[in-house]
Amino acid sequence: MITRDFYIRDVNTVAPELLGKLLIHETPEGVASGMIVEVESYAGPDDKGAHSYGNRQTERTKIQYGMGGFAYIFTIYGMYDCFNAVVNMPMKPEAILVRALEPVDGIELMKRRRKTENAVSLCNGPGKLCGALGITKEQYGYDLCSPPLFIKSYQDVPKEQIMVSPRINIDYAEECKDYLWRYFIKGNPFVSKTAKKYREKYMPYETLKSNV
């Protein structure tokens, strides 16, 4: 499985490298896992899209201020849980939102949890994947370097297969909403569906890196 050293780096170094990794959750119901196909970086305290923007330290964000490699889980719209991997060193509160998975293990269990037979829609959104893998706020703070909730190597994703775009639905973040900090695998059918305004700004990761 992925060791601590992987996580204690800059958020935009780690995020594209999470693509192709396997997110696994072992529960009494069984094991469910999926290959990570889409992520977003949140680089507070200077990132207006991040929960830790302005160095906000609350009960919700406190895990981000520790060592990387732990689970940060929050709820949106009062009903959907979202899984994030904390990265970087203590007092550098950065996190990566996992937005979509390609189901691998425990697909029948995922279908029961999500009450659908459609494999494509099982995990193609942050709330969906948490529902499918049985991830809730109970797993807040779990160490991602050991079971029951952890990430391990699975497939190598060539750099030319990685695309970037602005992050989804963070219009409140002012100029930060346009940062190209969403990373996803080109052509993968399990990536979440996005509005045209995001698709128009898709760019190859390699092009982005060459312009930095």
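Look up a bit, the structure's there.
Because the structure is predicted, anything quoted here is derived from the model rather than measured.

Here is what the cut-offs are and how they apply
- Residues numbered from 1 in each chain as written.
- Predicted model: local features only at pLDDT ≥ 70, side-chain atom pairs only at ≥ 80, totals over all residues.
- Heavy atoms only, no water.
- Core = buried A, V, L, I, M, F, W, Y, C linked by side-chain atoms within 4.5 Å.
- Buried < 20%, exposed > 50% of the residue type's maximum accessible area, 1.4 Å probe, protein only.
- Helix = DSSP H or I, 4+ residues; strand = E, 2+ residues; numbered from the N terminus.
- Contact = heavy atoms within 4.5 Å.
- Phe/Tyr/Trp six-rings, centres within 6.5 Å; stacked < 30°, edge-to-face > 60°.
- Polar contact = N/O pair within 3.5 Å; in protein donor to acceptor, adjacent residues only side chain to side chain.

Caption draft 1: Geometry of the nonpolar core. Ranked by internal contacts, the top residues of the largest apolar core, which has 53 residues, are Y7, L23, I36, V39, F83, L133 and Y183. With 5 residues, the top contributor of residues to this core is strand 2 (residues 30-42). L133 has contacts with L23, H25, T27, A32, S33, L101, M110, R113 and C123, leaving out every residue within four places of it along the chain. Core analysis: the next-biggest nonpolar cluster, separate from the first, contains 12 residues, Y42, A50, V86 and L97 among them.

Caption draft 2: Representation of the packing of aromatic side chains. Throughout the structure, instances matching the rule amount to 6 aromatic pairs. Between the aromatic rings of Y72 and Y140, the centroid separation amounts to 6.2 Å while the plane-to-plane angle is 70 degrees, which identifies the pairing as edge-to-face. Of this pair, Y72 sits in strand 3 (residues 71-76) while Y140 sits in the loop between helix 4 (126-133) and strand 6 (149-152), and the two are 68 residues apart along the sequence. Among the residues examined, Y72 registers a relative accessible area of 1% and is labelled buried. Measuring from centroid to centroid gives 4.7 Å for Y179 and W181, while their planes differ by 55 degrees, and the two rings are tilted. Taken together, the ring pairs in this structure connect Y72, F74 and Y140 into an aromatic cluster.

Caption draft 3: Expanded view of the side chain of K111. By the secondary structure assignment, K111 is in helix 3 (residues 107-114). Ignoring any residue separated from it by four or fewer positions in sequence, one finds K111 in contact with T116, E117 and L122.

Caption draft 4: Quick look at helix 2 (residues 11-18). With 6 of 8 residues buried, helix 2 lies mostly within the body of the structure. Those residues of helix 2 that fall on the buried side of the exposure criterion are V11, N12, V14, A15, P16 and L18. Taking the backbone nitrogen of N12 as reference, a side-chain oxygen 2.9 Å away marks D10 as the first, capping residue of helix 2. With its phi angle positive at about 90 degrees, G20 sits one or two positions after the end of helix 2.

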